[in-house]
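Chain residues, written in single-letter form:
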Amino acid sequence: MLILGIESSCDETAAALLEDGHTILSSVVASQIAVHIPYGGVVPELASREHVDNICMVVDACFQEASAKGRPVSWQNVDAIAATRGPGLIGALMVGLTYAKSAAFALRIPFLAVNHLQGHIASVFLEHPNAPLPALSLVVSGGHTSLYSLLEPSHPQELARTTDDAAGEALDKLAKFLRLGYPGGPVIERLARHGDPKAIRFPLPKFTDQGFHFSFSGIKSSAVRHAQTHTVLPPDPGDLEQPERLSAELLNLLASYQSRIIDQLLNGIERGLSGREVASIHVSGGVSCNNELRRRAAEHFSSMGIPVYFPRPGLTTDNAAMIAAAAYLRAKAGESDPWDISADPNLRP
Ligand code: KG4
Ligand code: ZN
């Protein structure tokens, strides 16, 4: 079964062709990062316009990339089309969803609307189809930080979510404050390697209710306050490629900040383990690209005998292969969605 996946929930226009749920024939991602850099974050109206400009080109490139690898692949070979329904930016979602529905309607093939978070969850199975269940699955990105219990891949049950900022958002916001560029996660990861992660002990959030959550806005405010009170100034943009020219105060702040965010993610997973049989831990979403998070998660949970699985780095940030992979789980059971299904910016799994 060949599925064309489309993703347009935020600032990437993406298309992918996925065969039988796990062979990626092609995966094309047109990033809008350059458009949003001057604003230090995604501007929704600009994102929608970019998706409109890029979607046809991205899908064409997807067929070309697949065909260049072997047999020619065209629209006639596609068995089903899937697109992200939500959560995300409403205008951005509507572009991909409407494009995908129109194409599926014209071709008289099934259409599947996919939850973006289930796409991230499915990205782990693209790489590790035999990752054992039951699992705990952490989706940690710029828009989301949620922990799920996974008894089967297509039915995640949310155990905890952030009460305020997502982990990636906290990285992006401190980077914006310190004028390090957008997105903040990769630049903080690179610079944090040159700082001392124990230099500053940022507080971890305390929750008074019974539920367990994540929260990143407190640590973000502490880091901003620390920068202000210790006069940690935004660096010269030219020095960002030469960490030896940056102040130890800045590098220590970034290393400590990243490390404390990772502490909280690991603590959250650990709380999810309590009283639950868990055969593997999965971590996906843009922040799961972070090598320090990968190293520490693998070290921490392997000491408890639980393997940790990540998607390959290229599938951590938003892509359409994960959307097609999530759709495959339903398409192979003969499921599809009605033509009048609409985008839902607040969709929950
Ligand atoms: O999954 P994604 O592309 O979009 C959302 O669904 O939100 O994630 C983007 C987020 C951004 O906040 C970005 O700063 C973060 O992922 N990110 C990273 C790294 N690469 C991307 N965070 C930490 N380390 C990285 N290497
Ligand atoms: Zn995402």
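Use the structure listed above.
In this report, the structure presented in the accompanying data block is examined. Note that the structure is a prediction, hence the values are computed from the model and not measured.

Attention now goes to the environment of alanine 223. For alanine 223, the location among the structural elements is in helix α7 (residues 217–229). Separated by 21 residues in sequence, alanine 223 and phenylalanine 202 place their C-alpha atoms 7.6 Å apart. The contact partners of alanine 223, leaving out residues within four places of it in the chain, are Leu174, Phe202, Leu253 and Tyr257.

Quick look at the coordination of the zinc ion (ligand 2) now. Looking at the zinc ion (ligand 2), the protein donor atoms are His116 (NE2), His120 (NE2) and Asp318 (OD), and they sit 2.0 to 2.1 Å from it. If you look at the zinc ion (ligand 2), its four donor atoms make angles of 95 to 140° with each other, and the shape they trace is irregular. Expressed as a motif, the donor residue spacing for the zinc ion (ligand 2) is H-x3-H-x197-D. With histidine 116 and histidine 120 both in helix α4 (residues 116–127) and four residues apart, the pair spans about one turn of that helix. For the residue pair histidine 116 and histidine 120, the accessibility class agrees, reading buried in each case.

This next bit is on the packing of aromatic side chains. In this structure the tally under the stated criterion is four aromatic pairs. Ring centres 4.9 Å apart and planes at 50° place the aromatic pair phenylalanine 63 and tryptophan 75 in the tilted group. Separated by 12 residues along the polypeptide, phenylalanine 63 in helix α2 (residues 44–68) and tryptophan 75 in the loop between α2 and β4 (80–86) bring together distant segments of the chain. Judged by its relative accessible area of 7%, phenylalanine 63 falls in the buried class. Tryptophan 75 sits in the partly exposed class, given a relative accessible area of 25%. Ring centres 5.2 Å apart and planes at 90° place the aromatic pair phenylalanine 105 and tryptophan 339 in the edge-to-face group. Here phenylalanine 105, found in helix α3 (residues 90–107), pairs with tryptophan 339, found in the segment after α10 (321–331); they are 234 residues apart in sequence, far enough to count as distant. For phenylalanine 105, a relative accessible area of 54% translates into the label exposed.

Between glycine 86 and proline 87 the backbone carries a cis peptide bond, its omega angle lying at -10°. Following the sequence through the fold, proline 87 ends up in the loop between β4 and α3. The peptide bond linking leucine 133 to proline 134 adopts the cis configuration, its omega dihedral lying at 0°. With respect to the element layout, proline 134 can be found in the loop between α4 and β6 (135–140).

In terms of residue burial, strand β9 (residues 280–284) counts as a mostly covered element, since five of its five residues are buried. With burial as the criterion, each face of β9 is covered, one bearing Ser280, His282 and Ser284 and the other bearing Ile281 and Val283. As paired strands, β6 and β9 are joined by five bridges and run parallel to one another. Note on β9: the bridge partner recorded for serine 137 is histidine 282. Handedness of the β-α-β unit built from β9, helix α9 (residues 291–302) and strand β10 (residues 308–309) comes out right-handed.

Within the structure, ligand 1 sits among 20 residues, and Gly142, Gly143, Asp172, Gly185 and Glu189 are positioned closest to it. One nitrogen or oxygen atom from the main chain of glycine 168 is found 3.2 Å from an oxygen atom belonging to ligand 1. Among the cavities detected, the one that contains ligand 1 is the largest pocket. Examining the composition of the shell around ligand 1, we find that four residues originate from one element, helix α6 (residues 184–192), more than from any other.

Moving on, we get to the pattern of salt bridges. The tally for this structure, following the rule as stated, stands at 17 salt bridges. Its salt-bridge partner being arginine 49, residue glutamate 45 comes within 2.8 Å of it at the nearest N-O pair. Residue glutamate 45 and its partner arginine 49 are located together in helix α2, separated by four residues, close to a single helical turn. Assessed through its relative accessible area of 45%, glutamate 45 is described here as partly exposed.

With that out of the way, let us pick up the pairing of strand β1 (residues 2–7). Counting buried residues along β1, six of its six residues qualify, which places the element largely inside the surrounding structure. Taking every second residue as pointing to the same face, both faces of β1 are buried, with Leu2, Leu4 and Ile6 on one and Ile3, Gly5 and Glu7 on the other. Relative to strand β2 (residues 12–19), β1 is paired through six bridges, and the arrangement is antiparallel. Bridge pairing links glycine 5 to alanine 16 in β2. Hairpin geometry of β1 and β2 is characterised by an intervening segment of four residues between the two adjacent antiparallel strands. Examined bridge by bridge, β1 and β4 share four bridges and lie parallel to one another. What sits directly across from isoleucine 6, in β4, is alanine 83.

The rules behind these values
- Residues numbered from 1 in each chain as written.
- Chains lettered and ligands numbered in written order.
- Predicted model: local features only at pLDDT ≥ 70, side-chain atom pairs only at ≥ 80, totals over all residues.
- Heavy atoms only, no water.
- Helix = DSSP H or I, 4+ residues; strand = E, 2+ residues; numbered from the N terminus.
- Contact = heavy atoms within 4.5 Å.
- Donors = N, O, S within 2.8 Å, 3.2 Å for Na, K, Ca; no water.
- Tetrahedral: all angles 85-135°; square planar, octahedral: opposite > 155°, others 65-115°.
- Buried < 20%, exposed > 50% of the residue type's maximum accessible area, 1.4 Å probe, protein only.
- Phe/Tyr/Trp six-rings, centres within 6.5 Å; stacked < 30°, edge-to-face > 60°.
- Pairing = 2+ DSSP bridges.
- Right-handed = clockwise from strand over helix to strand, strands pointing away.
- Near = heavy atom within 4 Å.
- Polar contact = N/O pair within 3.5 Å; in protein donor to acceptor, adjacent residues only side chain to side chain.
- 1 Å grid on protein atoms, 1.4 Å probe; cavity = no way out; pocket = protein on both sides within 12 Å on 5 of 7 lines; lining within 4 Å.
- Sits in = over half its atoms within 2 Å of the grid points.
- Salt bridge = Lys/Arg side-chain N within 4 Å of Asp/Glu carboxyl O.

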